[in-house]
Number of protein chains: 2
Amino acid sequence: MKYSVITIGREFCTGGLDIAREVARRLGGPMYDKELITLAAKESGLSEQAIAAGEKRPSGSLLYNLYTMGSDLPLSDQVFVVQSQIIRGLADKGPCVIVGRSADYILKDRKDALHVFVHADMDFRAERIVRLYGQSEKTPEQRLRDKDKKRAVNYEHYTGREWGKSQNYTLTLNSGAIGVERCVDLLADLVGPIKADPPAPETAQ
Amino acid sequence: MKYSVITIGREFCTGGLDIAREVARRLGGPMYDKELITLAAKESGLSEQAIAAGEKRPSGSLLYNLYTMGSDLPLSDQVFVVQSQIIRGLADKGPCVIVGRSADYILKDRKDALHVFVHADMDFRAERIVRLYGQSEKTPEQRLRDKDKKRAVNYEHYTGREWGKSQNYTLTLNSGAIGVERCVDLLADLVGPIKADPPAPETAQ
């Protein structure tokens, strides 16, 4: 099986984003994450701020309601529709790695897509959240649970599927147990080079 | 990370057993599946028949009730306790692959255990169930759902965890999408040789 597109869902602070970035780098394709917001903003006519507000789905907030006015669809649903179109377009365009945004669901019918979910034990993630983002009033465990909850709710709202359920993914990895670098090796081995056009051989100038 | 013990849970007809057997063969350790029943029979004083009856958990059956009489624990629970002890003993004894029997839960605290769950799409499994076991009155899909349901109920009864939930495993694999042989390669690469004593080099006789 030759994979062209890799989608990566992940629990918070598992190193899933690092894995995505490194897999993309090794395999020679782009990685899309927050850039999707910018792309969505450009293509949809919705402003970047509106999309960011829609992604957070702060139901009842003044900003959210202001943006929602004048459309039949709630803003968050508009953002999901636009992002889905963009994700399909990116996958059509060429080999790439797409992080989050329920991309596994949006691209579930593509035979050339490898769907990955990265999780890890609480201890591993708690150490990472403090190291990367510092301490806060809440315990690391509570912060992780809150972040995961948001991702799960969002995923389940749009897909009707359970976030992190193994059957939704081609493979799932415990990055804490396996190690972030070993996860990259494993995915890179599985996928092989996804670069559409191999670089031209170097020639003496 | 060096893994000594691999546990493999699997949906029915995913090739999970083939994967387990081949990984064990390549890595030079034994694979335990139904043999556990025999071991359990020998070590527990429960007869082999009683253990087979307990595993099926046919609540209300005459055979089941007969075996259960005279013990505080239901027969199925006795079997689980005995099998858990045996699984721990096998893991202590040396490198091995253990299939099913909620071994991932029983050995969840072993740092040297790699916990795998194998699943696959319905089409892939439906083709396999008919090829391996022939047609029956029920549709292949119904037979697969019935088998999976039994495994899920059993797992959840003893572990309090959700069967196939990615967070319970080190990694999960879609054998239909990845391919059975590729799953073997991937696991063998990840684990490395688990043979405790490498074979003696061949010498001319």
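Provided above is the structure to which this section pertains.
Read on for an overview of the structure. Here the structure is a predicted model, which is why all the values come from computation and not from measurement.

1. Details of the state of the cysteines
All names here are of chain B.
So, point 1. Summed over the entire model, instances satisfying the criterion amount to zero disulfides over all chains.
So, point 2. The thiol sulfur of C183 is not disulfide-bonded, and the nearest other cysteine sulfur, from C13, lies at 15 Å.
So, point 3. Relative accessible area serves as the criterion here: at 0%, C183 is assigned to the buried category.

2. Description of the interface of chain B and chain A
So, point 1. With 22 residues of chain B at the contact, the number on the chain A side is 22 residues.
So, point 2. Carbon and sulfur atoms make up 47% of the area that chain B and chain A hide from each other, which totals about 1,700 Å².
So, point 3. Taken together, chain B and chain A are joined by zero salt bridges.
So, point 4. If you look at where chain B meets chain A, you find 15 residue pairs in polar contact (both at pLDDT 80 or more).
So, point 5. Contributions of two or more residues to the side of chain B that touches chain A are made by β4 (113-119), β5 (171-174), α9 (175-178) and α10 (180-191) of chain B.
So, point 6. Taken together, the residues that form the side of chain B that touches chain A break down as 10 nonpolar, seven polar and five charged.
So, point 7. As paired strands, strand β5 (residues 171-174) of chain A and β5(B) are joined by three bridges and run antiparallel to one another. When the sheet's bridge partners are listed, A:L173 is paired in β5(B) with B:L171.

3. Comments concerning the side chain of B:R143
All names here are of chain B.
So, point 1. In this structure, R143 sits in helix α8 (residues 140-159).
So, point 2. Buried and without a salt bridge, R143 has D146 as its closest oppositely charged side chain, separated by 8.0 Å.
So, point 3. Reaching out from R143, the side chain makes a polar contact with the backbone oxygen of G134 at a distance of 2.9 Å.
So, point 4. Apart from residues no more than four positions distant in its own chain, R143 is found in contact with I129, Y133, G134, Q135, S136 and K138.

4. Regarding the sheet that holds strand β4 (residues 113-119) of chain A
So, point 1. If you trace the 10 strands from one edge of the open sheet to the other, you get β2(A)-β3(A)-β1(A)-β4(A)-β5(A)-β5(B)-β4(B)-β1(B)-β3(B)-β2(B), paired in mixed fashion. Two strands in the sheet have a free side with no partner beyond their single neighbour: β2 (31-32) of chain A together with β2 (31-32) of chain B.
So, point 2. Where strand β1 (residues 5-10) of chain A meets β4(A), six bridges bridge the pair, whose relative direction is parallel. Along β4(A), the bridge assignment pairs A:V5 with A:A113.

5. Describing the packing of aromatic side chains
What characterises a pair of aromatic rings is the spacing of the ring centres plus the angle enclosed by the ring planes.
So, point 1. A complete count under the given rule lists eight aromatic pairs over all chains for this structure.
So, point 2. Residues A:F117 and A:Y169 carry aromatic rings whose centres are separated by 5.1 Å and whose planes lie at 35° to one another, so their mutual orientation is tilted. Taken together, the positions of A:F117 in strand β4 and A:Y169 in the loop between α8 (140-159) and β5 put the pair 52 residues apart, joining distant regions of the chain.
So, point 3. Of the residues examined, A:Y169 reaches a relative accessible area of 2% and is grouped as buried.
So, point 4. When the ring centre of B:F12 is taken as reference, the NZ or CZ atom of B:K147 above it lies at 4.9 Å.

About the thresholds
- Residues numbered from 1 in each chain as written.
- Chains lettered and ligands numbered in written order.
- Predicted model: local features only at pLDDT ≥ 70, side-chain atom pairs only at ≥ 80, totals over all residues.
- Heavy atoms only, no water.
- Disulfide = S-S within 2.5 Å.
- Buried < 20%, exposed > 50% of the residue type's maximum accessible area, 1.4 Å probe, protein only.
- Contact = heavy atoms within 4.5 Å.
- Buried area = accessible area lost by both parts, 1.4 Å probe.
- Salt bridge = Lys/Arg side-chain N within 4 Å of Asp/Glu carboxyl O.
- Polar contact = N/O pair within 3.5 Å; in protein donor to acceptor, adjacent residues only side chain to side chain.
- Helix = DSSP H or I, 4+ residues; strand = E, 2+ residues; numbered from the N terminus.
- Nonpolar A, V, L, I, M, F, W, Y, C, P; charged D, E, K, R; others polar.
- Pairing = 2+ DSSP bridges.
- Lys, Arg positive; Asp, Glu negative; His and termini not counted.
- Phe/Tyr/Trp six-rings, centres within 6.5 Å; stacked < 30°, edge-to-face > 60°.
- Lys NZ or Arg CZ within 6 Å of the ring centre and 35° of its normal.

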